[in-house]
Structures are given as C-alpha cells and as structure tokens.
Amino acid sequence: MTENITIAIAAIGVIGAACQWLAWRLRLPAILFLLLAGIAVGPVGGWLQPDALFGKLLFPLVSLSVAVILFEGSLTLKFKEIAGLERVVRRFVTSGVLVTWGVVAVAAHLLVDLDWKLAALFGAIIVVTGPTVITPMLRTVRPTAQIANILRWEGIVIDPVGALLAVLVFEFIISTTGGEALGRTLVTFLGVVGIGTLSGLVAGIALGEALRHDWLPEYLDNMITLILVFATFAVSNAVAGESGLLAVTVMGIYLANRKGVEVEDILTFKESLSLLLISGVFILLAARLDLTQLREIGWGAALVLAAVQFVARPIKVLFATRGSSLVWRERALLAWIAPRGIVAAAVSALFALELERRGVPRAGWLVPLVFVVIIGTVVLQSLTARPLARLLRVAEPEPVGFLIVGSNPLSRAIAKALTQSKIPVLIADTQWDGVSAARLDGLRTYFGNVLSEHALNHLELTGLGRLLALTSDPHLNALVCTRFRRDFGAGSVHALRVRANGDVRLAALPLTEIAFGAAVTYDELARRMARGAEVRVTPLTESFDADQYRERFGADAIPLVAIDPRGRAELYTGAKAPAPRPGWSIVALRAPTSASEDQATAAAVESKAAR
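Notes on the structure follow. (Residues numbered from 1 in each chain as written. Predicted model: local features only at pLDDT ≥ 70, side-chain atom pairs only at ≥ 80, totals over all residues. Heavy atoms only, no water.)

Comments concerning the sheet that holds strand β7 (residues 557-563)
Condition: At least two DSSP bridges between two strands are required for those strands to pair. Think of it this way: any DSSP run of H or I at least four residues long counts as a helix, any run of E at least two long counts as a strand, and we number them from the N terminus. Interaxial angle, 0 to 180 degrees, is taken between N-to-C directions of lines fitted to C-alpha atoms, where a helix line uses only the stretch in contact. Any pair of residues with heavy atoms lying within 4.5 Å of one another is described as a contacting pair.
Sheet architecture is open: four strands sit in the order β6-β9-β7-β8, paired in antiparallel fashion. Strands with a single pairing partner mark the edges of an open sheet, and in this sheet they are β6 (534-539) and β8 (569-571). In this sheet, adjacent strand axes meet at a mean angle of 30 degrees when their direction is disregarded. Note: β6 against strand β9 (residues 585-590), six bridges, orientation antiparallel. By the bridge assignment, threonine 538 is partnered in β9 with isoleucine 586. Helix α19 (residues 409-420) rests against β6, β7 and β9 of the sheet, and its axis sits at about 20 degrees to β6. Along the sheet, helix α25 (residues 546-553) contacts β6, β7 and β9; its crossing angle with β9, the most-contacted strand, is approximately 15 degrees.

Comments concerning the pairing of strand β1 (residues 401-405)
Put simply, the rule is: Under the scheme applied here, a residue whose accessible area is under 20% of the maximum for its type counts as buried, over 50% as exposed, and between as partly exposed, the area being computed with a 1.4 Å probe on protein chains only. With the strands pointing away from the viewer, any crossover whose connection runs clockwise from the first strand over the helix to the second is right-handed.
Counting buried residues in β1 gives five out of five residues, a clear majority hidden from the surface. Looking at chain direction, β1 and strand β4 (residues 464-469) are connected through five bridges and run parallel. Its bridge partner being in β4, isoleucine 404 is matched across the sheet by leucine 468. Note: β1 against strand β2 (residues 425-429), four bridges, orientation parallel. Bridge pairing in β2 places isoleucine 404 opposite isoleucine 427. Taken together, β1, α19 and β2 form a β-α-β motif whose crossover is right-handed.

Things to note about the pairing of β2
On a regular strand, one side chain projects to one face of the sheet and the next to the other, so that they alternate. Within β2, five of the five residues are buried, leaving the element largely enclosed by the surrounding structure. Residue alternation in β2 divides its side chains into two sets, Val425, Ile427 and Asp429 and Leu426 and Ala428, and both sets are buried. Strand direction decides the pairing type here: β2 and strand β3 (residues 444-447), joined by four bridges, are parallel. The residue bridging leucine 426 from the neighbouring strand is arginine 444, located in β3. The parallel pair β2 and β3, bridged by helix α20 (residues 432-440), forms a crossover whose chirality is right-handed.

Let's talk about the pattern of salt bridges
Rules: Should a side-chain nitrogen of Lys or Arg be within 4 Å of a carboxyl oxygen of Asp or Glu, the pair is scored as a salt bridge.
According to the stated counting rule, one finds 11 salt bridges in the structure shown. We note a salt bridge from arginine 528 to glutamate 524, for which the minimum N-O separation is 3.0 Å. Here arginine 528 pairs with glutamate 524, and both are found in helix α24 (residues 522-530), just four residues apart, close to one helical turn. When its relative accessible area of 24% is taken as the criterion, glutamate 524 is described as partly exposed. In this structure, the salt-bridge partner of arginine 536 is glutamate 534, at a minimum N-O distance of 2.8 Å. For glutamate 534, a relative accessible area of 31% gives the class partly exposed. One network of salt bridges, in which partners are shared, links Glu154, Arg313 and Lys316.

Quick word on helix α22 (residues 474-488)
Applicable threshold: Any helix carries an expected span of 1.5 Å times its number of residues minus one. What we call the bend at a residue is the angle made by axes fitted to the seven residues finishing there and the seven residues starting there. Distance and chemistry together define a polar contact, namely a pair of N or O atoms within 3.5 Å, with one atom able to donate a hydrogen and the other to accept it when in protein, and with adjacent residues in sequence counting only for side-chain atoms on both sides.
Across its 15 residues, α22 extends 20 Å between first and last C-alpha, which sits within 8% of the 21 Å expected from 1.5 Å per residue. Of all the bends in α22, the greatest, near 25 degrees, is centred on threonine 482. Measuring from the backbone nitrogen of histidine 475 back to the side-chain oxygen at the start of α22 gives 3.0 Å, which picks out aspartate 473 as the cap. After α22 finishes, the residue glycine 489 shows a positive phi value of roughly 100 degrees.

Quick word on the packing of aromatic side chains
This is how it is decided: Centres within 6.5 Å make a pair out of two Phe, Tyr or Trp rings, where for Trp the six-membered ring is used; the pair is then stacked when the planes are under 30 degrees apart, edge-to-face when over 60, and tilted otherwise.
Here the structure, examined in full by the defined rule, presents five aromatic pairs. Ring plane angle 70 degrees and centroid distance 5.2 Å describe the contact between tryptophan 432 and phenylalanine 447, whose orientation is recorded as edge-to-face. With tryptophan 432 in helix α20 and phenylalanine 447 in strand β3, the pair connects residues that are 15 residues apart, well separated along the chain. A relative accessible area of 41% places tryptophan 432 in the partly exposed class. The class for phenylalanine 447 is partly exposed, based on a relative accessible area of 40%.

A short note on the environment of threonine 249
Its location among the elements puts threonine 249 in helix α12 (residues 244-257). Residue threonine 249 is classed as buried on the basis of its relative accessible area, which comes to 3%. Separated by 89 residues in sequence, threonine 249 and proline 160 place their C-alpha atoms 7.4 Å apart. Every residue in contact with threonine 249, bar those within four places of it in the chain, is listed here: Leu70, Ser74, Ile156 and Pro160.

Some details on the packing of helix α5 (residues 86-93) against helix α6 (residues 95-112)
Which entries qualify depends on this criterion: Three classes are used, and their members are as follows: Ala, Val, Leu, Ile, Met, Phe, Trp, Tyr, Cys and Pro are nonpolar, Asp, Glu, Lys and Arg are charged, and the others, Gly among them, are polar.
As a packed pair, α5 and α6 sit with axes 3 Å apart at the nearest point and diverge in direction by 35 degrees. Packed against α5, whose contacting residues are Arg90, Arg91, Phe92 and Val93, the element α6 presents Ser95, Gly96 and Val97 at the interface. Residues that form the contact of α5 with α6 fall into these classes: three nonpolar, two polar and two charged.

Observations regarding the side chain of threonine 521
Tracing the sequence through the fold places threonine 521 in the loop between α23 (504-507) and α24. At 3.1 Å, the side chain of threonine 521 and the backbone nitrogen of glutamate 524 are in polar contact. Residues within four places of threonine 521 in sequence aside, it is in contact with Leu496, Arg497, Val498, Arg499 and Ala500.

Shown next, in the form of structure tokens:
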C-alpha cells in the first residue's frame, strides 16, 4: 500500500513537470494542461483517486498549498506599481466583485435551475481569478504595464475577498432561520476580516523585523518564512474559520511594501515552491471531477460559461474603470482576461462536500460547474488573449532587444549597429561622459547603477530580453549577469571577458554567457578600435554568403552578432556560433572600411554571378 502511494505521488510530480514543460514549449498557461491531465488520469482513466490516496489529509494539503501560492503572489504587490490607478484596482476587488457575483448568480439560477442560495454560492466562488492562472497568462500575453499591474493585483487580492464572500454565503445557507442567518453572517464577516487582517499584520511585522535586523541566519530565511506562513494560516483559521487566506495575503503585501526588507531571495524560493504546488493541486482537484454530474447539467453549463465571459466580466470592467485614464483598448483587453483558477476549484470542492453531507439538493453540481468555467475561460483566453492584445495595440513588443551595461566606445558602437538593424537597445552606465555620448548618438540610455534599487524600480526593459555586460570591470560584469539571469534567463545573459587571464568571477559562469567567444576580450577589441577598427553591419546574399564573407575579410573581422531576416539577433559565444544564411546580416568589428566599400563588395559579387 505504501509503495502504491509513493508511486502515485511521484507520478503526479512527473505529470505536473511534463505539463509545465509542454506549456512552456507551446506558450500556453500550464493550468490548461494540468486540468486536462488530471481529468485524463482521474475520471477518464480511473488511475488516480485523490480521496482514496490522501483521505482526510487531501483538503488540508490543498488549503496549505493555496496559502503558499497566495503569499508568494502577494509578495509581488507593490503600491507604487498602481500609482494613479488605485481607484480602479479598489473597485475591481470590492464593488466590482458584487457586480460579478450578482450577474453570475442570476445566470446560474436561470440557466441551470440552481436554487437561489446555491446560485449565490456559485456566484461568490466564481468572482475569483487568481495568480495561478493570471501570472502565466501575463507572461504569454505581455500586455502593457498598466494592464498587467491591474490584472496582477486583482488576481491576488480578489482570492481572499472571494473566499470570504463564499464563506459568508455558505454560512447563510447552513443556517436554519432567516434571523439566525443574518446575525451569523454578520458575526462571521467581522470575525474573518478582523482576525485575518490582524494575524497577517502581526506575522508580517515579526518577519519583517527579523529580516531587517538580520536576526536570522541567511540559510534559515526561506524555511522560517514558509513555517510562519503555515502557522499564520493555521492559527488564523482556527480562531476564525476561512480567515487564513486573508491573513497570508495581508502578510505578503506588508512585506512587499516594507522599506528595508529584502524579499527577493524569499520570493525566488516561493516561486519555485508555488510552481510545484500548483502542478500537484490542479491535477488532484481535476482528478476528482465527476463527469456524470456534468452530463446531468447539460448545455446549461456552457451557457453559464458564456454569461461569465461575455456578460459578467465586461459589465464589471465598465463599472470599475469608469472615470479612469484607461483608453478603450485597455478596457477591452481587461474585459476579456479573467481566467478562474485554483481557489475557485478548491473552495467549490470543500463547500460541495459539506452541503452534500447536509443533504442540500444539487450541491454536487457546484464542482463540475466551476470546472467548466475554469477550463472554458483558460482555454478561450489563453488561445486568444495574445492576438487580441496585438490587435488592440496594447501588447509589449517581442523581447528581442539588448540591455547593454557599459557606455564605452565599444558598447556604443555595437549598440548603434544593433539599433540600425531595428533591434531595441538600452545602454546603462554610471559614467556620465559615456552615457552623454550615447545620447548624442541617439541611443536609449539609463544613467545609474543597474544593481541599485532605483534601477529595480525604474529601469525600462520593455522589448528587451538579452543582456550584454561590456564594461572593463570583470567583477561588475559577473555581478550584472547574476542579477539579470532571473529576469532574462540563464541563456540570455552574456558578458565579455576583459582580459585573457584574470576574469575569475566570469570564469565561474556557464560557458554560454561568454560573449563573442572565449578567445575574444575587451582589451583586444578596445585595442583594435583604437587603431581604427569599426563595428560594421554586412548583409549576406545568395552570391555573397558566409563563406565568401570569411574569405573576403578573414582575420580582419571579429564577428559579434548575426541578425536573421526577422530581426532576431544571435550572439557569437563561447558555446556556439550562429550559421548565417543569405538574407541575414553579420555585425562584426572590422578593419576600417567605408559603408560604400561594403556595398561595393556585395555588388561586385552579384555582378560577377550575373555574368
């Protein structure tokens, strides 16, 4: 028996990892594949039975997982990100919730004939969106900063708000008389809000002081933070039922906005943990779906989904954004994106079990209805949101550009060549003379230390997805690569070796991060430029291909970047060399020639071929 449980848990992990990888390859939210995989191994295949596998531990494990996911999401919520849009966000998570609740409750009552009380509970559950689906979708859609910040704040804050609303409706349903129901609901509301907020603030202040004053050894930061999240959630729930989600959300928001508290390392750890928990929990909840109940509901479930997507969400957005600075294109995308996620699935499962135990008719319909909305919104929006954002012109450009650290003559020459090839470039440095010269060349610049907190808040990375560290300081280059590996990915950060021997810090980095090849150094390129060498862009044609380029320029050219016909740049690195073909361009440091000489070379080859 124990071996079977071990195999089942390991299989859930393998399936979850496969779903995450497939989502990455296809650029779709992972929840879509996790839900489909859970249904395949659960109600369809019958291989996974979560209730039999975990017994009474299933929903405590799910609840703790949701607590960690919400805490991790709330750590990213900084008030300064929504400056000027505070009213919009506040409406999204307060009065806008009531709009969605009312519309969905009416739809559930009229379209699938749910009792008014059950319809109200369903509407309360469906108001939530959640970071588990919003965050992956935002990575794929890449909307403008305003839209992304609104959706991220809504997705995280609305989870505990929606859970609180669902708890209130649930308490009302299980009460026996009208008078008792009203009094019990009011007491529950005050208790959940008060205890949840107080618990979260106390835990946040305690952890914030410990981190700020270095009361904890660094290697214990993540472990103690995780234990404190569990403890805050459990204690808050014990004092006031279902207040734990609010508590961990308040705790995370406090820490995210507490000055002097560094949460980056904690956030990195929690992101990895959340990814693991999301994968497992979604598979487990989807595996519990009862397809028989879904067939009983019939086409009414699809009509409810249509009401959620095409009626409730647009009305909420129109209400919440009235009088704001958002243009109609931004409002249209906001009205389209609102996928439902893990909190809706978990809360519906918990309440359905309790109501079925109490003999409430059709209580079992809550779970399949919620899953129809989850799957429907995720599938529809994940497939259409990115094209819609492009159509509405509210999507950020593809991140094909470069952040170049260093404003010396070499980096400015490379930046000018990339800019001429329509590749976005931003030069950053602390040396004003170099930054000023870059501005005179018409280049985008950032004057300051890219490792500073100011850069973290103000460095504009729109359209940038690669890093080139080109300073004469090998230690700074290594630090910059380490800092931006998390933002751009390990394979997209590159540093130029400063000298043939002595780059100890850089030598520890993966070989793929060595720019322009292991034998190329900053000192060598700077010496060549001092002798008159220039960074040139040379187009390749059918008659003047890469082989003829090498034959023509030979050792006089050090290739730096190859640019394909779509405007994507590939660096020559220590690990690989691009294979440019006709239609590509090569950016190289070459012995001094003129642009007309480059054109004459290509024209001569074309003319010779024509003859």
